[in-house]
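Single-letter residue listing:
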Amino acid sequence: MKSFPRLCLIRHGQASLGTDDYDQLSGLGEDQGLALGERIGAEYAGLWEVWSGTLKRQRQTLERVAPGRAGIIDAALNEYMVDQLVRSAVEQAEGLELALPGEEAFADPKAYLETFLKWFPEVLGRWQNATLNCERNGLWHEFHRRVLSPVERWQQQLESGSSAVVVTSAGVISTITAELLGEDLAWQRELNITLYNASVTELVQDESGQWQMIRVNCVDHLAPESRTLA
């Protein structure tokens, strides 16, 4: 059993894509959270604190990962609004020279998830280079700065001998992980769309203070049929 303190970044369980309330765990998402809780309980036997954003799907996952723990709730860990980025991309597609998925994909995003996952990095890339304007999300560099703001506190926590278990979302995890490992935005975008629900990404600082990856996007606690991307 590992005993050194780690930064553990967890993506929330499956939410309710295609319903009136996406920000709500599905039945499968609840089961994923419980399986994740069993893993965390077994692997993190020492000191650890749990963190979460304020979004419902994040907090519901936290309740299953760490039942009985209050957790540190920090809005800095909230995801950008994907639907607003997509809406802005559609409105600005001509000026951005951005090809759009067909109308059938927008009518049933759950059935056409693979189509959107292939398309979304182009949207994200245009937001990152500031050619896509999205009033609701603001600027990419503002999101980037916000989600990295808890890192200093996590470093202090690790230095004190306590791990940090952080329940958040794919955009947040991929941004933090890319920054700490010195990866570029293309790497971040690829990780963003490939992170599974209830996946575990773990990092640790070496003696020189450099971040090292232990594992990324790990879902060996989930049965193959329970592994989902949205």
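Look up a bit, the structure's there.
Note that the structure is predicted; figures quoted are calculated from it, not measured. (Residues numbered from 1 in each chain as written. Predicted model: local features only at pLDDT ≥ 70, side-chain atom pairs only at ≥ 80, totals over all residues. Heavy atoms only, no water.)

Further remarks concern the sheet that holds strand S3 (residues 72-73). Spatial ordering of the open sheet is given by S3-S2-S4-S1-S5-S6, a layout of six strands whose pairing is mixed. Whereas interior strands pair on both sides, the edge strands pair on one side only; in this sheet they are S3 and strand S6 (211-218). As paired elements, strand S1 (residues 7-11) and strand S4 (residues 163-168) share five bridges and run parallel to each other. Following the sheet pairing, Leu 7 is matched in S4 by Ala 164. (Pairing = 2+ DSSP bridges. Helix = DSSP H or I, 4+ residues; strand = E, 2+ residues; numbered from the N terminus.)

Per the counting criterion, the structure on display carries eleven aromatic pairs. Both rings, one in Tyr 80 and one in Phe 120, keep their centres 6.3 Å apart while their planes meet at 25 degrees; by these two values the pair is stacked. Highlighted residues: Tyr 80 in the loop between S3 and helix H3 (82-91) and Phe 120 in helix H6 (residues 113-128), separated in sequence by 40 residues. In this structure Phe 120 comes out as buried when scored by relative accessible area, which is 8%. Aromatic pair Trp 140 and Phe 143: ring centres 5.6 Å apart, planes at 40 degrees, arrangement tilted. Placement of both Trp 140 and Phe 143 in helix H7 (residues 140-148) is noted, with a separation of three residues, approximately one turn of the helix. You'll find Trp 140 and Phe 143 in the same group, each marked buried. Across the ring face of Phe 4, the terminal group of Arg 6 is positioned such that the distance to the ring centre comes to 5.8 Å. (Phe/Tyr/Trp six-rings, centres within 6.5 Å; stacked < 30°, edge-to-face > 60°. Buried < 20%, exposed > 50% of the residue type's maximum accessible area, 1.4 Å probe, protein only. Lys NZ or Arg CZ within 6 Å of the ring centre and 35° of its normal.)

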